[in-house]
Every structure is written in structure tokens, then in C-alpha cells.
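Each chain is listed here by its residues.
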Amino acid sequence: MVSTSVRSLENHSPAHICPFDQACSYLEWAGKELKLDQGLLEILSHPRKVVTVSIPVKLDDGEVRVLAGHRVQHSDVLGPYKGGIRYHPAVTLREVSALAMLMTWKCALVGIPYGGAKGGIPIDPKRYSVGELERISRRYISELIKDIGPAVDIPAPDMGTSAREMAWMMDTYSVNVGHAVPGVVTGKPLSIGGSRGREMATGRGVMIVVREALADQGKSLVGVRVVIQGFGNVGCAAAELLHQEGAKVIAVSTGAGGVFSQTGLDIPALKAYAANNHKSVAGFPQATPISNADLLTLPCDVLIPAALENQITEENVHQVKAQIVAEAANGPVTLEANLSLEARGVTVLPDILANAGGVVVSYLEWVQGLSYVFWDEERVNREMEHLMVQAYRQVVQQSKARQVTLRLAAYTLGVGRVAQALTDRGLYP
Ligand SMILES: NC(=O)C1=CN([C@@H]2O[C@H](COP(=O)(O)OP(=O)(O)OC[C@H]3O[C@@H](n4cnc5c(N)ncnc54)[C@H](O)[C@@H]3O)[C@@H](O)[C@H]2O)C=CC1
Ligand SMILES: O=C(O)CCC(=O)C(=O)O
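Remember, predicted model here, so these are calculated numbers, not experimental data.

**Some remarks on the site of ligand 2**
Here is step 1 of the chain: Near ligand 2 you find 14 residues, and of these Lys 82, Gly 84, Lys 106, Lys 118 and Ser 362 are the closest.
Here is step 2 of the chain: Between ligand 2 and Lys 106, the relevant distance is 2.7 Å, taken from an oxygen atom to a side-chain nitrogen or oxygen of the residue.
Here is step 3 of the chain: For ligand 2, whose unbound accessible area comes to 290 Å², protein coverage reaches 95%.
Here is step 4 of the chain: At the level of secondary structure, the elements contributing two or more residues to the shell around ligand 2 comprise strand 3 (81–87), helix 4 (93–110) and helix 13 (357–371).
Here is step 5 of the chain: Looking at the shell around ligand 2 residue by residue, the class counts come to 3 nonpolar, 6 polar and 5 charged.

Next up, the structure:
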């Protein structure tokens, strides 16, 4: 099974592990378990549409730079394409294609009526001024104007983007079509139709599935030792909520390094420190510095990679000491490392389940916007928790029924539902 259009591209991913090959391997694995036809798998392994646009931008010093902006629409069988936009130097078309495919299985798994997409621009946003980022975001969306829309493709934040970029994108789209269209993006500020609870949603979803997995082992979150790689939107929210629930977050990191405390970090203080320290946790008092590599191998109960893909690989998997690995990031554990963890009895909560809280609240934001009725945060959190716990239970049930790990259970549910819809719609055979 080869997706020639995307696979023919060169791979520049960290650790030389191609995220798109990984995503196709997971698809193949699920397809084999489900005994899906090869032709059906062939369709599912190809993104429906791959768009790369040029983004000319005039920098503050007058230099003109032309950036590449990608948007990959993997599947719209279940509904409009849905997925975040990433600003990170390691963005490639292969990476975006892999992440788009994951979005398809994720939305199907949690039962929301969306397909999967992802976007990205290979830039380090820290190296651009706010004005430059605004010009880049607006031009990117202008170039994609015919490819997105509230019933077509709905972007959202991912690494390196936030409500601020979503507001620029919503405004650019709206100005182009001549009226306000809040439903074109999710993860917007509250002032223009954002949803309460979206900012914390992905981290909250991570906390919920970790809590459920611990409960299935007869444990609670209280006193559980947690290590988190990444302290951005997802990692910081997960740390805060786990801390509130009584877990002991003993180490966290950002790209600039991490901090460790055997007795548990003061997360509210660390959050305030990072906010005043260019989003970095390095140098936080009352904690010991730790490298990102050492952080991943700390003795702990729960390890939460919440940054980039391919962080736990064949190289370091044997040093991982956690009992539960919750994939808050997309694709942080490679296929081989995942098999090794599962063989050792480590519970791996797969990305398409563990980090689905974000897209679930994006869906709730879209629903609120389309119905012009906005909910309080308690209601948003309650609806999200219901969908997350339901998805977790279905994955556990599938895992028991098929005698497979949680990852394969989640993938068979997600892939199976898309395959069923494709067949019911008459798109296959
Ligand atoms: N924002 C969202 O709603 C969702 C995000 N995700 C995934 O979660 C992950 C994190 O996304 P966000 O928190 O939104 O991004 P973010 O940009 O807000 O934060 C990323 C964090 O990772 C850190 N980081 C970057 N490179 C690192 C490295 N080499 N080692 C350690 N830390 C590093 C950054 O310093 C930052 O703390 C990504 O994989 C993303 O796809 C998944 C679902 C939804
Ligand atoms: O909120 C969304 O629509 C997408 C979030 C996302 O990019 C992800 O779940 O990886």
C-alpha cells in the first residue's frame, strides 16, 4: 500500500522516521485486523487533496520572503475536513499528511461528524514579530480561500498557533467573502464566537483519559507521579488539571529544557514563571534542571509526551519507566517503540484518543456558532467529558472483544467507521 503522491516526497522528519509512513503502517495494521479490502485501504492511505501555496511576506526590515503553506485534506467522508494549523520549523508535507490522516481516525473515534485535515507552515514563530505573523497568517488563508469554509474545511490551532492566529484567519476569510463567518475556524477568541473551555480542552481530555485508565487499574490520580514533555497549550493545561486533581507533576519541559522536583512541581507558580520567561520553564527556582532526553526516562507512573512526534523510539524506549504513556502529542511514540511498550505491559493511551478533547470542543464551538447559542464552561466541559469517557470505554471494550491493545482498538474503531461510511456512501467498491 503506497500513497505515491505524498510518499514520493523527501522525508526531513526528526530521527529520520517518516511520520506519513508511520501513519500508513498504523492504517495497514488496523486494516489487517479488520480484514479490509486492499482497495479500500489504498483509498484511505491517500489524502483526498494536498495543497501547497506560496506565502510572500514583507518582513519588518523590508526583506521579502516567500514561505510554503500546506493544507492536506485527508478525508471528508464523515463531514467537513477538520484539523489544526501548525507553525514549526520541522513542518513538512509528509508530516502534515500524516497528521491529517490521524485527524480522520480521531474524529471518527470520538463520534463527531468531521473528516480529517491538517495545515502547516515551516517557520519558527518565535523568530517573527507579531506583525509579520499576522501578515503570514492572513496571506496563508487568502491563498486557501477556495479550499476552506464552515461546511468544507475548518482549521483550528495546533503547535505554534493559538486563538490569536484563528482570529486573523477568521477575519481574513470573512473580509474575502463579504460577511462575518465565525464557523470557518475553531479555537477562536470568545469575543468572536469562540467556545468557553477550548483553550484547556486538549489538556482536559488528556487528564480525563489518564484518570479513567488509572481507575481501571484500581487507582486514582491522587499522588500519581506524572512527567510531561512540552508545556504549551496542551502540556500546560494537562499539568494544571492533573495538579488540581491531586497528581504530583514531578517534571515538565519545553524546547529549551526541563525542570524536575522529586516532591512535585508547584504548577501554578511554574505557569506564571513560564508566562514571564518567553514560555520557557528553564531556570525555574526550587527545581533541578533536566534535559528533554533524561525527562523521558524518569521513574514515574504516567508519562505524557505533549510536544513533537517521534520522541519515544527504539533508541530510548527501553529506558522508559512509566506504567502509563498518554500520547498528548500526535505521534510521539513510534510504531516499534509502541510495540515494545505494549509487550512490557505498559498502557499506551493512543493519540487519537488521548488528545481528542481539543477537536471535541472545537466541534462544540462549531455547533454553538451554527445555532447562535453559547453555553457556559460547565456545560462545555460536561459535554466534552461525556464524549471522551464514551470513546475511552468503547476503546477498552473493543480491546477486550478483539484481544488487542488500546492503540489497535482505537484505530480499528476509527478506521472501521470511516471504511463503513465510505462503503455506505457507495464510494467503495
Ligand atoms: N493545541 C491543540 O488543541 C492540540 C494539540 N495537539 C498536539 O499536541 C502537541 C502540542 O501542541 P500545543 O501544545 O498546541 O503546541 P504549543 O506550541 O502550544 O506547545 C508546544 C510545546 O512543546 C515544546 N517543545 C517544542 N519542541 C520541543 C522539544 N524538542 N522537546 C520538548 N519540548 C518541546 C514547546 O516549547 C512548547 O512548550 C502537538 O503534537 C499537537 O499536534 C493535539 C490535539 C489538539
Ligand atoms: O481542534 C481542532 O479542530 C483540531 C485539533 C488538532 O489539530 C488535533 O487534534 O490534532
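Having seen the structure, we can now continue with the description.
**Here we look at the environment of Leu 27**
Here is step 1 of the chain: Tracing the backbone through its elements, the reader meets Leu 27 in helix 2 (residues 19–34).
Here is step 2 of the chain: The buried category is assigned to Leu 27, whose relative accessible area is 0%.

**Some details on the domain arrangement of the protein**
Here is step 1 of the chain: You can read the domains of the protein as domain 1 (44–194) and domain 2 (199–354).
Here is step 2 of the chain: On the side of domain 2, 8 residues touch domain 1, which itself brings 11 residues to the contact.
Here is step 3 of the chain: Summed over both partners, the interface of domain 1 with domain 2 comes to about 840 Å²; 61% of that surface belongs to carbon and sulfur atoms.
Here is step 4 of the chain: Inspection of the domain 1/domain 2 interface yields 1 salt bridge.
Here is step 5 of the chain: Among the salt bridges present, the one from Glu 309 reaches Arg 86, with a minimum N-O distance of 3.1 Å.
Here is step 6 of the chain: Joining domain 1 to domain 2, the criterion identifies 2 residue pairs in polar contact (both at pLDDT 80 or more).
Here is step 7 of the chain: Of all the elements, helix 4 adds the most residues to the side of domain 1 that touches domain 2, at 6 residues.
Here is step 8 of the chain: Here the side of domain 1 that touches domain 2 is built from residues that sort into 5 nonpolar, 1 polar and 5 charged.

**Considerations on the packing of helix 2 against helix 11 (residues 335–343)**
Here is step 1 of the chain: Orientation of helix 2 relative to helix 11, taken along the N-to-C sense of each, is 50°, at an axis distance of 10 Å. Comparing their axes, helix 11 and helix 2 come out oblique. Contact with helix 2, carried on its side by Gln 22, Ser 25, Tyr 26 and Trp 29, involves Leu 335, Glu 336, Asn 338, Leu 339 and Glu 342 of helix 11 and no other residues of that element.
Here is step 2 of the chain: Residue classes in the contact of helix 2 with helix 11 are distributed as 4 nonpolar, 3 polar and 2 charged.

**Remarks on the pairing of strand 4 (residues 116–121)**
Residues in a regular strand point their side chains to alternate faces of the sheet.
Here is step 1 of the chain: Of all 6 residues in strand 4, 6 are buried, a share of seventy percent or more.
Here is step 2 of the chain: By the alternation rule, side chains of strand 4 split into Gly 116, Lys 118 and Gly 120 and Ala 117, Gly 119 and Ile 121, which are all buried.
Here is step 3 of the chain: As judged from the 3 bridges shared by strand 3 and strand 4, these two strands associate in the parallel manner. By the bridge assignment, Tyr 87 is partnered in strand 4 with Ile 121.

**A closer look at empty space enclosed by the protein**
Regions of empty space are outlined by a rolling probe, equal in size to a water molecule, passed over the atoms.
Here is step 1 of the chain: What the rule picks out here adds up to 1 cavity of 30 Å³ or more.
Here is step 2 of the chain: As a volume, the largest cavity reaches approximately 140 Å³.
Here is step 3 of the chain: Forming the walls of the largest cavity are 17 residues, and the residues nearest its centre are Pro 19, Gln 22, Leu 102, Asn 330 and Gly 331.
Here is step 4 of the chain: Going through the elements one at a time, helix 2, helix 4 and helix 15 (406–424) are the ones with two or more residues in the lining of the largest cavity.
Here is step 5 of the chain: A per-element tally of the lining of the largest cavity places helix 2 first, with 4 residues.
Here is step 6 of the chain: A per-class count over the lining of the largest cavity returns 8 nonpolar, 5 polar and 4 charged.
Here is step 7 of the chain: Counting contributing residues, the lining of the largest cavity receives three or more from each of domain 1 (44–194) and domain 2 (199–354).

Calculation notes
- Residues numbered from 1 in each chain as written.
- Chains lettered and ligands numbered in written order.
- Predicted model: local features only at pLDDT ≥ 70, side-chain atom pairs only at ≥ 80, totals over all residues.
- Heavy atoms only, no water.
- Near = heavy atom within 4 Å.
- Polar contact = N/O pair within 3.5 Å; in protein donor to acceptor, adjacent residues only side chain to side chain.
- Areas by Shrake-Rupley, 256 points an atom, 1.4 Å probe, with all protein chains shown as cover.
- Helix = DSSP H or I, 4+ residues; strand = E, 2+ residues; numbered from the N terminus.
- Nonpolar A, V, L, I, M, F, W, Y, C, P; charged D, E, K, R; others polar.
- Buried < 20%, exposed > 50% of the residue type's maximum accessible area, 1.4 Å probe, protein only.
- Domains from an automatic or database assignment.
- Contact = heavy atoms within 4.5 Å.
- Buried area = accessible area lost by both parts, 1.4 Å probe.
- Salt bridge = Lys/Arg side-chain N within 4 Å of Asp/Glu carboxyl O.
- Axes fitted to C-alpha atoms, helices over the stretch in contact; angles between N-to-C directions.
- Parallel < 35°, antiparallel > 145°, perpendicular 65-115°, else oblique.
- Pairing = 2+ DSSP bridges.
- 1 Å grid on protein atoms, 1.4 Å probe; cavity = no way out; pocket = protein on both sides within 12 Å on 5 of 7 lines; lining within 4 Å.
- Points joined across faces, edges and corners; volume = space filled by probe spheres on them.

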